[in-house]
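Here's the letter readout for the chains.
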Amino acid sequence: MSEAKPQGRTPVWMTVLIILMVIPIVPFYILTGASDANTEEIRYLIKIFPAFVILSGVCAYLSYPGRRELAWILIVLLALSYLAMWYLI
């Protein structure tokens, strides 16, 4: 059996990037709380969006040492999700 490669740590610059991508959820969630979302589906998406953002950030942080491409895909999806939520609201 082959030995697993020792996993490194996530670099500081990537950690800062992930934190910068997750922090905007705080004002976003406050602003959307005053939103007049007229359908139940939109209200549900607004409620689960913070969990999606936090879990995406955690998964990107944990996956960077072993699978860098996956971490970048998660960050891009997170940015596109912010744009989609602003468009939705």
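Since the structure is predicted, the reported quantities are computational estimates derived from the model, not experimental observations.

(A) Main features of helix α1 (residues 12-22). For α1, the complete set of buried residues consists of M14, I18, M21 and V22. Buried residues of α1 fall within an arc of 95° about the axis and therefore sit on the same side. Away from its buried face by more than 90 degrees, α1 exposes V12 and L20.

(B) The nonpolar core, seen in detail. Ranked by size, the top nonpolar core spans 18 residues in total, and within it F49 and V53 carry the most contacts. Going through the elements one at a time, α1, α2 (25-33), α3 (40-63) and α4 (68-88) are the ones with two or more residues in this core. Element by element, the count of residues in this core is highest for α4, at six residues. Contacts of V53, omitting those with residues within four sequence positions, involve M21, V22, I25, L78 and Y82.

(C) Geometry of the packing of α1 against α4. For the pair α1 and α4, the least separation of the axes is 10 Å and the interaxial angle reads 20°. Taken together, α1 and α4 sit at an angle that is classed as roughly parallel. Read as a crossing pair, α1 and α4 show a hand that is left-handed. For the pair α1 and α4, contact is made by W13, M14, L17, I18, M21 and V22 and by A71, W72, I75, L78, A79 and Y82, respectively. Of the residues assigned to the contact of α1 with α4, the class counts are 12 nonpolar, no polar and no charged.

(D) Expanded view of the packing of aromatic side chains. As enumerated under the stated definition, the model contains four aromatic pairs in all. When the centroid spacing of 6.0 Å and the interplanar angle of 85° are considered together, the rings of W13 and Y64 count as edge-to-face. One end of the pair, W13, is in helix α1; the other, Y64, is in the loop between α3 and α4, with 51 residues separating them in the sequence. The exposure class assigned to Y64 is buried, which follows from its relative accessible area of 6%. A network of ring pairs unites the aromatic residues W13, Y64 and W72 as a single cluster.

How each quantity is defined
Residues numbered from 1 in each chain as written. Predicted model: local features only at pLDDT ≥ 70, side-chain atom pairs only at ≥ 80, totals over all residues. Heavy atoms only, no water. Buried < 20%, exposed > 50% of the residue type's maximum accessible area, 1.4 Å probe, protein only. Helix = DSSP H or I, 4+ residues; strand = E, 2+ residues; numbered from the N terminus. Arc of directions from axis to C-beta. Core = buried A, V, L, I, M, F, W, Y, C linked by side-chain atoms within 4.5 Å. Contact = heavy atoms within 4.5 Å. Axes fitted to C-alpha atoms, helices over the stretch in contact; angles between N-to-C directions. Parallel < 35°, antiparallel > 145°, perpendicular 65-115°, else oblique. Left-handed = near helix turned anticlockwise from the far one by under 90°. Nonpolar A, V, L, I, M, F, W, Y, C, P; charged D, E, K, R; others polar. Phe/Tyr/Trp six-rings, centres within 6.5 Å; stacked < 30°, edge-to-face > 60°.

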